[in-house]
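# Structural features, examined
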Amino acid sequence: MKDIKTLDQTYVASTYGRFPVVITGGKGCIAVDDQGNEYIDMGSGIGVNLFGYSDPIWKEAVIAQLDAVQHTSNLYYTGPCAQLAELLCERTGLKKVFYCNSGAEANECAIKAARRYAQLNKGDDFYTIITLNNSFHGRTLTTLAATGQEKFHKLFQPLTPGFVSVDANDSEALSDAVKNNKTAAIMLECIQGEGGVNPLNQAFIDTAVQLAKEYDLLIIDDEVQTGNGRTGTLYAYMQYGFLPDIVTTAKGLGGGLPIGATMLGEKVKEIFKPGDNGSTFGGNPAVCAGAISNLKRIDDALLAEVKRKSDLIFSTLNGKTNVKSVAGMGLMIGIEPEQGTAGDIAKTCLENGVLVLTAGGNKVRLLPPLNINDAELNRALDVIANAFANGKE
Ligand SMILES: *Cc1c(COP(=O)(O)O)cnc(C)c1O
């Protein structure tokens, strides 16, 4: 058999800097590689494997649906698609759901909805969307334009016009940008994920909500990473006491199968007519059946556990050698070293049996499965603390 790493490097487009590990199996929080090495996975496939590898409850839901219908086109009704939408709406207060297959696509739909709303209610030239520096909204040309990181903009000019970005938590800059542009919407992540696990502060959210009211703007809340129990509430906005007009999610919702969802609030619930948007795979019944099973498990007891484990991470890592700061909410945590790079620390963790992610601002990022147990968590934190200590020269 040909070596997997060589095959991949020869034939798969070189868009990723991969760790030198071939994952061949896993159970719960443990990933197994082709050499039989085990790792505690503190990244869960970038917050996707909500209940870890090969979770029996999720698998049963998906397999039962595979035995019934694996796919039909969106020209027909299917149960899981409708039932998942009901669950999402009932638990958020948003009104309708559009399905697609990824976070970027969910954001594309949100942007379309906001533009259409502004076009109908304010005029053709009110299309500007204010986003935040250090945000991340996806890899399509439009969601790249929405992503407030110059390094992503240079390679693929021209990007979709109509995006202006300001610093997160700078209420004055946000207010100026709204006034100086013909604005349709404000787009934000309550906690910037890829950008460095930076939570927005309450005053900034309050300003956004106030501006939205005053200027009839929509608030698009990108919960692709923060959503689905990750931060200790079903969606992170719930901890800021406001209801966004549009919420997008993806990553953890499907528990390991691709799904994106754009939840449309009262103002935009009827914005799309048949033909205005669509997706061949969107609302796939097997993926939706898995997502329903996941959502039903994200109850108060699980969310309380997420918060408890979050406190454990903060109290264990705060003050440890070479740990400059610990930030985040729930099981979405960013840790900044005083010295050394997050990349080197991640490498040391890997060599010691723990998979972690990195993020902007030289952060080590943790997004473990929500059901990680205390023994695994403590073992992982031990390795992480040691890797930070080793990072000090
Ligand atoms: C990952 C991510 C995206 C992009 O999701 P894809 O599924 O990779 O398209 C968008 N927004 C946020 C906040 C993300 O974390």
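Residues numbered from 1 in each chain as written. Predicted model: local features only at pLDDT ≥ 70, side-chain atom pairs only at ≥ 80, totals over all residues. Heavy atoms only, no water.

What follows is about the site of the ligand. The environment of the ligand is formed by 13 residues, the closest being Gly 103, Ala 104, Asp 222, Gln 225 and Lys 251. One of the backbone N or O atoms of Ala 104 is found 2.8 Å from an oxygen atom in the ligand. Within the side chain of Gln 225, an N or O atom sits 2.7 Å from an oxygen atom of the ligand. Considering the ligand on its own, with 380 Å² of exposed area, one finds that the protein chains cover 82% of that surface. In terms of residue count, helix 5 (residues 103-121) provides more of the shell around the ligand than any other element does, 3 residues in total. (Near = heavy atom within 4 Å. Polar contact = N/O pair within 3.5 Å; in protein donor to acceptor, adjacent residues only side chain to side chain. Areas by Shrake-Rupley, 256 points an atom, 1.4 Å probe, with all protein chains shown as cover. Helix = DSSP H or I, 4+ residues; strand = E, 2+ residues; numbered from the N terminus.)

Now for the pairing of strand 7 (residues 183-188). Along strand 7, 6 of the 6 residues are buried, which leaves the element largely enclosed by surrounding structure. Bridge count for strand 5 (residues 128-132) against strand 7 is 3 bridges, and the pairing is parallel. Looking at the pairing, Thr 128 lines up with Thr 183 of strand 7. Direction of pairing for strand 7 relative to strand 10 (residues 218-222): parallel, over a ladder of 4 bridges. Looking across to strand 10, one finds that Met 187 is bridged to Ile 220. (Buried < 20%, exposed > 50% of the residue type's maximum accessible area, 1.4 Å probe, protein only. Pairing = 2+ DSSP bridges.)

This paragraph deals with helix 8 (residues 171-180). Taken residue by residue, helix 8 has Leu 174, Ser 175, Ala 177 and Val 178 as its buried positions. The buried side chains of helix 8 occupy one side of the element, clustering within an arc of 160° when seen end-on. Exposed and facing more than 90 degrees away from the buried side of helix 8 are Glu 172 and Asn 180. Of the surrounding secondary structure, the elements contacted by the buried residues of helix 8 are strand 5, strand 6 (163-166), strand 7 and helix 9 (202-215). (Arc of directions from axis to C-beta. Contact = heavy atoms within 4.5 Å.)

Let us now look at the packing of helix 12 (residues 342-351) against helix 13 (residues 374-391). Contact geometry for helix 12 and helix 13: axes closest at 9 Å, N-to-C directions at 135°. Taken together, helix 12 and helix 13 sit at an angle that is classed as oblique. At the point where helix 12 passes helix 13, the crossing takes the right-handed sense. Facing Ile 345, Thr 348 and Cys 349 of helix 12, the residues of helix 13 in contact are Val 383, Ile 384, Ala 387, Phe 388 and Asn 390. Across the contact of helix 12 with helix 13, the residue classes tally to 6 nonpolar, 2 polar and no charged. (Axes fitted to C-alpha atoms, helices over the stretch in contact; angles between N-to-C directions. Parallel < 35°, antiparallel > 145°, perpendicular 65-115°, else oblique. Left-handed = near helix turned anticlockwise from the far one by under 90°. Nonpolar A, V, L, I, M, F, W, Y, C, P; charged D, E, K, R; others polar.)

The subject of this paragraph is the pairing of strand 3 (residues 38-41). Examined bridge by bridge, strand 2 (residues 30-33) and strand 3 share 3 bridges and lie antiparallel to one another. Paired with Ile 30 across the strands is Ile 40, a residue of strand 3. Hairpin connection between strand 2 and strand 3: a loop of 4 residues separates the two successive antiparallel strands, and Gly 36 in this loop has a positive phi of roughly 85°. Sheet topology note: the strand 3/strand 15 (residues 354-355) ladder contains 2 bridges and is parallel. Its bridge partner lying in strand 15, Ile 40 is registered against Val 354.

On the surface, a cluster of negative charge is contributed by Asp 167, Asp 170, Glu 172 and Asp 176. Inspection of the secondary structure assignment puts Asp 167 in the loop between strand 6 and helix 8. You can call Asp 167 partly exposed: its relative accessible area is 42%. (Patch = residues over 30% accessible without salt bridge, like charges linked within 9 Å, V, L, I, M, F, W, Y side chains within 5 Å. Salt bridge = Lys/Arg side-chain N within 4 Å of Asp/Glu carboxyl O. Lys, Arg positive; Asp, Glu negative; His and termini not counted. Charge placed at Lys NZ, Arg CZ, Asp CG, Glu CD.)

Taken in spatial order, the 7 strands of this open sheet run 4-12-11-10-7-5-6, and their pairing is mixed. Strands at the two margins of the open sheet, each flanked by one partner only, are strand 4 (96-100) and strand 6. On average, each strand axis in the sheet is inclined to that of its neighbour by 20°, with strand direction left out of account. Looking at chain direction, strand 4 and strand 12 (residues 260-264) are connected through 5 bridges and run antiparallel. Residue pairing across strands places Lys 96 opposite Leu 264, the latter belonging to strand 12. Taken strand by strand, helix 9 contacts strand 5, strand 7 and strand 10, and its axis lies near 160° from that of strand 7.

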